[in-house]
Amino acid sequence: DARVTQTPRDKVTEMGQEVTMRCQPILGHNTVFWYRQTMMQGLELLAYFRNRAPLDDSGMPKDRFSAEMPDATLATLKIQPSEPRDSAVYFCASGSAGTGGIGSYNEQFFGPGTRLTVL
Amino acid sequence: AQRVTQPEKLLSVFKGAPVELKCNYSYSGSPELFWYVQYSRQRLQLLLRHISRESIKGFTADLNKGETSFHLKKPFAQEEDSAMYYCALNRRGSQGNLIFGKGTKLSVKP
């Protein structure tokens, strides 16, 4: 049963430290999404990739966040320097791109999330 | 602007009572809408999509273009339905980039 994996599952760090979160998408999926979940804002899209190329990262604070896909089996989200307001659960999801027509949408499969706490 | 609104952060009902989780959207044209669910300690997963017109775990959702709504309904709630529910809209031309609402936490009491 193929699943998206994320590491670490929990991360506690101090303000100013660098944080790197990793995601392994389901083999064969060509689209990867990074989301942030908080009580106040719910689920926010930070960035997404198709065929390893970034398509949209407008939801990401550019000064401290960066997202990459060094290869098809690994996506990373980095925060440097981290701040207490970055505390949240970060989800990765993967899927296959549809054709864009009605009904072509393909399900996003979510990872278990990384719970980040910045003190 | 494309937007999804879930007006209730928390909905609490008793077991056996009907449930309706509200979702309104803003979109010009024909939207594609979905409900995702996150049970405690589990991953977020797709519950249903409007285009399939399906019933999953007793839940249904009808797209009402006149009211721009896609409310999720179940006639008799069960305790195992307690979870976080997210309504989502497929962003125009994005081939799978979803806009999520802020979510509604459903609590079903015994």
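What counts, and where the lines are drawn
Residues numbered from 1 in each chain as written. Chains lettered and ligands numbered in written order. Predicted model: local features only at pLDDT ≥ 70, side-chain atom pairs only at ≥ 80, totals over all residues. Heavy atoms only, no water. Helix = DSSP H or I, 4+ residues; strand = E, 2+ residues; numbered from the N terminus. Contact = heavy atoms within 4.5 Å. Salt bridge = Lys/Arg side-chain N within 4 Å of Asp/Glu carboxyl O. Buried < 20%, exposed > 50% of the residue type's maximum accessible area, 1.4 Å probe, protein only.

A few points about the side chain of A:R36
Here's step 1: Considering the arrangement of structural elements, one finds A:R36 in strand β4 (residues 31-38).
Here's step 2: Every residue in contact with A:R36, bar those within four places of it in the chain, is listed here: A:G42, A:L43, A:E44, A:L46, A:F65, A:D86, A:A88, A:V89 and A:Y90.

Section: the pattern of salt bridges
Here's step 1: What the rule picks out here adds up to eight salt bridges over all chains.
Here's step 2: Between A:R64 and A:D86 there is a salt bridge; the shortest N-O distance is 2.6 Å. Residue A:R64 is found in the loop between β6 (53-56) and β7 (65-71), and its partner A:D86 is found in the loop between β8 (74-79) and β9 (88-95); the two are separated by 22 residues along the sequence. For the pair formed by A:R64 and A:D86, the shared burial category is buried.
Here's step 3: Residues B:K22 and B:E20 are paired through a salt bridge, measuring 3.0 Å at the closest nitrogen-oxygen approach.
Here's step 4: Salt bridges here are not isolated pairs; linked through shared partners, they connect A:R64, A:E83, A:R85 and A:D86.

Structural notes on unusual backbone geometry
Here's step 1: At the junction of A:T7 and A:P8, the peptide bond is cis and its omega measures out at -15° in the coordinates.
Here's step 2: The topology assignment puts A:P8 in the loop between β1 (5-7) and β2 (10-13).
Here's step 3: The phi torsion at A:R52 lies on the positive side, around 75°, for a residue other than glycine.
Here's step 4: With respect to the secondary-structure elements, A:R52 resides in the loop between β5 (42-50) and β6.
Here's step 5: With a relative accessible area of 42%, A:R52 lands in the partly exposed category.
Here's step 6: Here the phi dihedral of B:K57 falls at roughly 55°; this positive angle occurs in a residue that is not glycine.

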